[in-house]
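# Summary of structural features
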Amino acid sequence: TDLIGMDVVDTAGKPVGKVANVDNFGAGDLLDIRPLDGANFYVAFTNDHVPEVRLSERVVVVDLTGI
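In this report, we go over the structure that sits alongside the text.

The rules behind each value
- Residues numbered from 1 in each chain as written.
- Predicted model: local features only at pLDDT ≥ 70, side-chain atom pairs only at ≥ 80, totals over all residues.
- Heavy atoms only, no water.
- Helix = DSSP H or I, 4+ residues; strand = E, 2+ residues; numbered from the N terminus.
- Patch = residues over 30% accessible without salt bridge, like charges linked within 9 Å, V, L, I, M, F, W, Y side chains within 5 Å.
- Areas by Shrake-Rupley, 256 points an atom, 1.4 Å probe, with all protein chains shown as cover.
- Salt bridge = Lys/Arg side-chain N within 4 Å of Asp/Glu carboxyl O.
- Buried < 20%, exposed > 50% of the residue type's maximum accessible area, 1.4 Å probe, protein only.
- Pairing = 2+ DSSP bridges.
- Axes fitted to C-alpha atoms, helices over the stretch in contact; angles between N-to-C directions.

For Arg 58, which is not glycine, the phi dihedral falls at a positive 55°. Mapped onto the fold, Arg 58 is located in the loop between strand E5 (52-54) and strand E6 (59-62).

So, in structure tokens, the structure goes:
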């Protein structure tokens, strides 16, 4: 729940949106991302897709390549 509301940026630092929720439907944690435009989408909360979480800055870095 600490991640909810955090800013989301891509690996280049470009703003993507905000973390709307953290869900788990049985196969692992998923970040529900509310983008700047468009519909929410999920990103698997793994090192491959979320290489960095900067709690003090309230920023989550996501790698969107291949998604």
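The grouping of Phe 45, Val 53 and Leu 55 at the surface amounts to a nonpolar patch, some 250 Å² of accessible area in total. As for its placement among the helices and strands, Phe 45 is situated in the loop between strand E4 (41-44) and E5. Judged by relative accessible area, Phe 45 falls into the partly exposed class, the value being 33%.

As a further point, take the sheet that holds strand E2 (residues 15-24). Within the open sheet, the six strands sit side by side as E4-E3-E2-E1-E6-E5. Their pairing is mixed. The open sheet has two free edges, formed respectively by E4 and E5, since each of these has just one partner strand. The mean inter-strand angle of the sheet, taken between neighbouring strand axes irrespective of direction, is 35°. Judged from the three bridges that link them, strand E1 (residues 7-10) and E2 form a sheet pairing that is antiparallel. Across the sheet, residue Asp 7 finds its bridge partner in E2, namely Lys 18.

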